[in-house]
Amino acid sequence: MRRKNDLFDDVDDETVEKLSQEFPVLTDEEKDRIFAMSERKYNIVSEIVSENDGDVKGVEQYKRPVWHRFAGIAAAIAIIAGGFGGGAALMNSLKKSAPSDTTTSENETVDTTEPTKEDVSKFMGPAKDLTERYAEFENSIVNQKLNVDKDNMLMFKLDQNDASGSVDESYWYKVIDQRYPDMASLQMEYEALYGPVPAPEGMFGGEFTSDQFPAGSVIPYEMSMIRYMTYDGQLYVNGMGGSGNFDYWIDENIDIRKVSDNEFYASRKCMTNIASDTDPQKCDEETLVFHILRNTRSGGWYIDTVERNGVTEYNDPDQVPTTNNGSYESAEELIQSHLNFYNEWECGQVKVDETDSVDDYISFKIQRDSEFTAYYRRLEGYDSLDSLKDTIHNIYTDKGFSELYSININNFDDYDLSSHPIGDFITEDEYTTVIEYNGAVYLKADPTKSCPVFKMLGDINGDQTYENSHVIDAYLLFSANEGPDWARSTDVSFSFTLDSDGSLKIDHYSENYTEEQQKKIFLAKTYDGYKNLERLANYGVFYTDESVAKVPSDDESHPYAVCTEFESAAALRNYLEAYVTPEFIDEQFPDMFEGDYPTFKDIDGRLYGKYDNSQVEIYWGECSLPSDPKTDMDITDVTSDEVIVDFVCHSRITAGSDSRQRMYAEYTGNGNTTYWKVTGFEYPDAKG
């Protein structure tokens, strides 16, 4: 049976001969050379795709007769490389010698062999070496578990009102690990893995001396965020702990997918230190996909990128995964890029304080009822409003950006204040959210923003197909250093459109809070108030002024220290009674405000409390807390006015060390701070 639309189906012998004469056939030498080249290309079979779960998936091949395969190769060579003459002559020959195009005859040879899997064994050595070194780097350096001398500790002070929101001290330990005697050895290990590219921001810090920052002195907040620094020529590691989540490789299996002789992908399963959503007693497994390239100069190999569950970690933390034309390939990429930009934007508007470098901000004056100083904080990575607009246009439509940030991108051209000297008076119209000033972009530093809420992508719900408009629901996790903002985590709807150039853009954003989610937000605030009560009453952990002398108490080990968090005992009690009932305080903490030596009392017009020399940030850093209301918070209604709330709380120190906490609360409906107050609290897992 003939196939329709075949180029040579209706060509007779006379025409074939005529074409052969008009278009001479290639010489034997030329045909042999091209044939050999084509056959080599043909033999490069489709590569096996290793999915993240490690399963190998392929496509069953339709097996044509052997002569068809080689006839197709020969015809393609002759037609493309030799012109119609060579093609016509070859087709004339094949038409005389080939079996008829009908059903397979008994004598026809059928190819029953599977396609040959390309040998990737030569990549196994570098893949194993790099993944093992990656594991060592993550466990030792990223997780900050090098050998240290804990007797050789540095302590610096931070302003309580700085950008951290709560941290007021920074601890550092001297590194005595012989593998990494100095900063250069750490950087060399990083470059051996990732090539000569900058390390993530804050990984390796600068060189500092005791002349610049004597032990116990105040240091800039940014310095406390560095993981490693050199101090008086010695290597020190930040004592606040690492941020990696890698634990160990589950097995020796590595799946290899070749791209070329100088490029391949390696997939390997690992155990993390992240508690599983389905079983808090276990940790999650992940498949890491390494994109590995050959160093063409040295002949060695290095890691280009590492992909975790579909999200690519780039060597350059500022690099955003995009297609070649700057557009995003999927909703997940676009949402992640939105979150990166959103968090950067929110942090850029945090109020200015004494810890900021003079290069971080500029100020102008505005004449209102009285003179007002307006501060602007520099937004890193942009040299003009045009460069900022380019980033915005890659993520949002003009409408979408305006809805999210309450500013019209088309008005950016009016916001260049370079003509004003710093400290000059500007008008209310010029006092805008974003400005350009002498080759830099600045955001208005909002005096009301001390700690922005960070948003992270939890998961994507629904398909990711688009026409001109499409809505996708994602679950976002909220996180902040102050307060129970984790409870605001919720489902968010993103509306996408395709631009005229085919680029995906965010056009609309809406957070969907159900009545149950609203209840969780209020109860989380109640829980946070109780944890502050526990911190103050049980542990004696609060901010104090070390310059104010302590006063002896009935407990010699816990003298009274001034508590700078509240003005008086009455103010502290009013705060606590916004979250717990007065009866609960009197029953559970009878000595908190009563007796000759209460936990808190007023002395010389100031509030004092029995003080434990633990720091507030250390308390919260070691405290087991819930992190996601979707999985860590379960509400049982007892009556319309009473609830029992069970929390799964995760340790920030020991992975998998989760505990349960149970809160009893009653509805007050007073509208002050919270609608619910604690009437009881238990630790169900506690023994005894």
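Residues numbered from 1 in each chain as written. Predicted model: local features only at pLDDT ≥ 70, side-chain atom pairs only at ≥ 80, totals over all residues. Heavy atoms only, no water.

So, the overall build of the protein chain
(1) Moving on: When you go through the protein chain residue by residue, the secondary structure sums to 14 helices and 28 strands.
(2) Moving on: Split into buried and exposed, the 688 residues of the protein chain put 42% on the buried side.
(3) Moving on: In the protein chain, 61% of the contacts between residues at least 6 apart in sequence involve partners at least 24 apart.
(4) Moving on: Summing over all exposed atoms, the protein chain offers an accessible surface of approximately 37,100 Å²; the carbon and sulfur share of this is 46%. (Helix = DSSP H or I, 4+ residues; strand = E, 2+ residues; numbered from the N terminus. Buried < 20%, exposed > 50% of the residue type's maximum accessible area, 1.4 Å probe, protein only. Contact = heavy atoms within 4.5 Å. Areas by Shrake-Rupley, 256 points an atom, 1.4 Å probe, with all protein chains shown as cover.)

A word on the packing of helix α10 (residues 515-539) against helix α11 (residues 569-576)
(1) Moving on: Two numbers describe how α10 lies on α11: the axes approach to 10 Å, and their chain directions differ by 140 degrees. Taken together, the axis directions place α10 and α11 in an arrangement best described as oblique. Side by side, α10 and α11 meet where Gly529, Asn532, Leu533 and Leu536 of the first sit next to Leu572, Tyr575 and Leu576 of the second.
(2) Moving on: Residue classes in the contact of α10 with α11 are distributed as five nonpolar, two polar and no charged. (Axes fitted to C-alpha atoms, helices over the stretch in contact; angles between N-to-C directions. Parallel < 35°, antiparallel > 145°, perpendicular 65-115°, else oblique. Nonpolar A, V, L, I, M, F, W, Y, C, P; charged D, E, K, R; others polar.)

Quick notes on the pattern of salt bridges
(1) Moving on: The tally for this structure, following the rule as stated, stands at 27 salt bridges.
(2) Moving on: The salt bridge partner of Lys389 is Asp413, with a shortest N-O separation of 3.6 Å. Placement of the pair is Lys389 in helix α8 (residues 385-395) and Asp413 in the loop between α9 (398-405) and β16 (434-436), with a sequence separation of 24 residues.
(3) Moving on: Exposure remark for Asp413: the relative accessible area of 56% places this residue in the exposed category.
(4) Moving on: Beyond isolated ion pairs, a larger network of salt bridges with shared partners links Lys128, Glu132, Glu252 and Arg268. (Salt bridge = Lys/Arg side-chain N within 4 Å of Asp/Glu carboxyl O.)

A word on the nonpolar core
Considering soluble globular proteins, one finds that nonpolar side chains tend to be buried as a cluster.
(1) Moving on: Of all hydrophobic cores here, the largest spans 46 residues; its most connected members are Leu523, Leu533, Leu572, Met592 and Phe600.
(2) Moving on: Those elements that place two or more of their residues in this core are α10, α11, α12 (582-588), α13 (616-622), β25 (633-637), β26 (642-650), β27 (658-667) and β28 (676-682).
(3) Moving on: The residues touching Leu572, leaving out its near neighbours within four places in the chain, are Leu536, Phe566, Met592, Phe593, Phe600 and Leu607.
(4) Moving on: Core analysis: the second largest hydrophobic core is formed by 37 residues, Leu385, Tyr405, Leu476 and Val492 among them. (Core = buried A, V, L, I, M, F, W, Y, C linked by side-chain atoms within 4.5 Å.)

Thoughts on the environment of Gln234
(1) Moving on: Considering the arrangement of structural elements, one finds Gln234 in strand β7 (residues 234-238).
(2) Moving on: Here Gln234 falls in the partly exposed class, since its relative accessible area comes to 37%.
(3) Moving on: Taking C-alpha positions, Gln234 is 8.7 Å from Met183, a pair spaced 51 residues apart along the chain.
(4) Moving on: Setting aside its immediate chain neighbours within four residues, Gln234 contacts Lys174 and Met229.

A closer look at the packing of aromatic side chains
The description of an aromatic ring pair rests on the distance of the ring centres and on the angle between the ring planes.
(1) Moving on: Enumeration according to the criterion identifies 49 aromatic pairs in this entry.
(2) Moving on: Measuring from ring centre to ring centre gives 6.4 Å for Tyr342 and Tyr405, while their planes differ by 45 degrees; the resulting arrangement is tilted. Separated by 63 residues along the polypeptide, Tyr342 in helix α7 (residues 331-348) and Tyr405 in helix α9 bring together distant segments of the chain. For the pair Tyr342 and Tyr405, one class covers both residues: buried.
(3) Moving on: Here the aromatic rings of Phe584 and Phe589 are separated by 6.3 Å at their centres, their planes lie at 65 degrees, and the arrangement is edge-to-face. (Phe/Tyr/Trp six-rings, centres within 6.5 Å; stacked < 30°, edge-to-face > 60°.)

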